[in-house]
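Below are the chains, spelled out letter by letter.
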Amino acid sequence: MEFKDLDPILHSQLRLAVMSLLISVKEAEFNFLKEKTNATAGNLSVQINKLKDAGYIDVIKQFNNNYPQTICKINEKGIAAFENYVKALQSYMSL
Amino acid sequence: MTEEPIMTEKESMELTTSMINKAKNNFGERGLLYLIWGWVILFCCLVSFAGNYFFNFDKINFIWLVVYLVIIFQGFYIRKKRSSALTRTYTGEINGYVWLVFVVSLILMIFICNVAKQYVLIDPLLLVLYGMPTFLSGIIMKFKPLIIGGIGCWVLAALSPFINEQFSVLLIAAAVIVAWLIPGYLLKQKFEILNEGAK
């Protein structure tokens with residue numbers, strides 16, 4: 001049986017939680033991710049930047065009613081990485 | 001920097017599943033537009049029927065102009081809802097296009113029937129069209145009352161050729177109750193239960 005390496009970018013609690021939320025919606029606001037993951041703003045911000053640097057998500061910073069808003073959206077590379085990660089998990093778990 | 005806990009494969013899978021479920025349960029439809037449209041159209045149907053049938057007063061049909069006020073309110077409501085929404089979902093986007101197709105088809109149908117002077121066809125065709133977005137919204141949102149409401153509209157449309165023209169507005173009133181008001185109150189209830197549970 002062939003085992004795949006788990007993507008280190010995704011094999012982290014908070015980053016995986018963010019990716020799992022983003023795979024289910026078209027785009028999500030920073031506060032939505034913070035509320036669902038129960039993470040602190042600082043930690044979430046660091047992990048979002050890591051996902052962005054890996055090219056898995058797009059981050060749009062804009063203003064809404066004069067308030068800054070951060071929108072996160074999973075992209076094609078992120079979807080492929082997430083699918084590969086889940087496949088790898090399944091191959092480990094079917095042992 | 002905080003040390004991240006090491007996850008086992010099982011924990012990773014559980015986390016993924018739980019987050020996907022959390023995103024799925026983020027139910028943002030409170031049924032307000034269904035209720036507003038439902039009550040306004042029901043009111044217009046009953047008032048115009050009563051005016052025409054009991055008092056032979058055809059100017060009562062101007063009551064339908066109130067629909068323009070609802071359109072203006074809807075424009076503001078959707079704009080506000082979009083700016084305050086924390087997520088945008090694929091289902092929400094598809095649902096929006098379904099209702100856009102309905103509005104375009106409705107305008108074209110009324111225009112064609114008026115040009116062709118086929119006024120008697122307006123109410124039956126309206127029922128056929130009402131059924132389409134209601135049924136599809138039910139499928140997209142996996143919400144059975146809307147699916148039943150859509151089918152209800154088509155049943156009423158099939159009955160319409162056998163009913164005297166002056167009563168056809170009452171079929172629209174019945175359609176509004178099954179397709180918008182009942183699902184609207186059930187959506188409101190579902191929204192309140194899910195949001196109460198999320199607190």
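Residues numbered from 1 in each chain as written. Chains lettered and ligands numbered in written order. Predicted model: local features only at pLDDT ≥ 70, side-chain atom pairs only at ≥ 80, totals over all residues.

A few words on the overall build of chain B. Helix and strand counts for chain B come out as 7 helices and 1 strand. For 199 residues, the compact-globule estimate of 2.2 N^0.38 gives 16 Å, and chain B exceeds it by more than 25% at 21 Å. Its C-alpha atoms give chain B principal-axis dimensions of about 80 × 30 × 30 Å. With 199 residues in all, chain B has 23% of them scored as buried. Of all intrachain contacts in chain B linking residues separated by at least 6 positions in sequence, the fraction that spans at least 24 positions is 69%. (Helix = DSSP H or I, 4+ residues; strand = E, 2+ residues; numbered from the N terminus. Rg over C-alpha atoms; globule rule 2.2 N^0.38 Å. Buried ≥ 20, exposed ≤ 12 C-beta atoms within 10 Å, placed from the backbone. Contact = placed C-beta atoms within 7 Å.)

Attention now goes to the sheet that holds strand 2 (residues 57-64) of chain A. Judged by pairing direction, the sheet is antiparallel, and its 4 strands sit side by side in the order 2(A)-3(A)-1(A)-1(B) without closing on themselves. Looking at the sheet topology across the chains shown, the edges are occupied by strand 2 of chain A together with strand 1 (87-88) of chain B. Bridge analysis of strand 1 (residues 27-29) of chain A against strand 3 (residues 67-74) of chain A gives 2 bridges, and the strand direction is antiparallel. By the bridge assignment for strand 3 of chain A, A:E29 is matched with A:I71. (Pairing = 2+ DSSP bridges.)

Residues and elements named next belong to chain A. Pairing between strand 2 and strand 3: 8 bridges, direction antiparallel. Opposite I60, over in strand 3, you have I71 as the bridge partner. Between strand 2 and strand 3, which pair antiparallel one after the other, the connecting turn spans 2 residues, and N65 there sits at a positive phi close to 50 degrees.

With that out of the way, let us pick up the interface of chain B and chain A. Residue-level contacts link 22 residues of chain B with 24 residues of chain A. The set of elements that each furnish at least two residues to the side of chain B that touches chain A consists of helix 1 (9-24), strand 1 and helix 4 (90-115) of chain B. The element contributing the most residues to the side of chain B that touches chain A is helix 1 of chain B, with 11 residues. Here the side of chain B that touches chain A is composed, by residue class, of 9 nonpolar, 6 polar and 7 charged. Here 2 bridges tie strand 1 of chain A to strand 1 of chain B, and the two strands are oriented antiparallel to one another. From the neighbouring strand, A:A28 faces strand 1 of chain B, where its bridge partner is B:T87. (Nonpolar A, V, L, I, M, F, W, Y, C, P; charged D, E, K, R; others polar.)

With 16 residues, helix 1 of chain B extends 23 Å between its outermost C-alpha atoms, agreeing within 8% with the 22 Å of an ideal straight helix rising 1.5 Å per residue. Turning to helix 1 of chain B, its buried residues number three or more, namely B:S12, B:T16, B:M19 and B:A23. Each buried residue of helix 1 of chain B sits inside an arc of 70 degrees when the element is viewed along its axis, so together they form one side. In helix 1 of chain B, the exposed residues that point more than 90 degrees away from the buried face are B:K10, B:E14, B:T17 and B:N21. Tucked into the core, helix 1 of chain B has its buried residues touching helix 1 (13-24), helix 2 (30-37) and helix 4 (76-93) of chain A. (Expected span 1.5 Å × (residues − 1). Arc of directions from axis to C-beta.)

So, on to the environment of B:E93. Along the chain, B:E93 falls in helix 4. For the pair formed by B:E93 and B:G150, sequence separation is 57 residues and the distance between their alpha carbons is 20 Å. Apart from residues lying up to four places away in sequence, B:E93 is in contact with A:K26 and B:R88.

Moving on to the packing of helix 1 of chain A against helix 2 of chain A. All names here are of chain A. Two elements in contact, helix 1 and helix 2, have axes separated by 10 Å at closest approach and are oriented at 120 degrees. It follows from the interaxial angle that helix 1 and helix 2 lie oblique. Crossing hand, helix 1 versus helix 2: right-handed. Between helix 1 and helix 2, the contacting residues are L14, A17, V18 and L21 on the first element and L33, K36 and T37 on the second. Each residue belonging to the contact of helix 1 with helix 2 can be placed in one class, and the counts come to 5 nonpolar, 1 polar and 1 charged. (Axes fitted to C-alpha atoms, helices over the stretch in contact; angles between N-to-C directions. Parallel < 35°, antiparallel > 145°, perpendicular 65-115°, else oblique. Left-handed = near helix turned anticlockwise from the far one by under 90°.)

Just distances and angles here, no functional claims.
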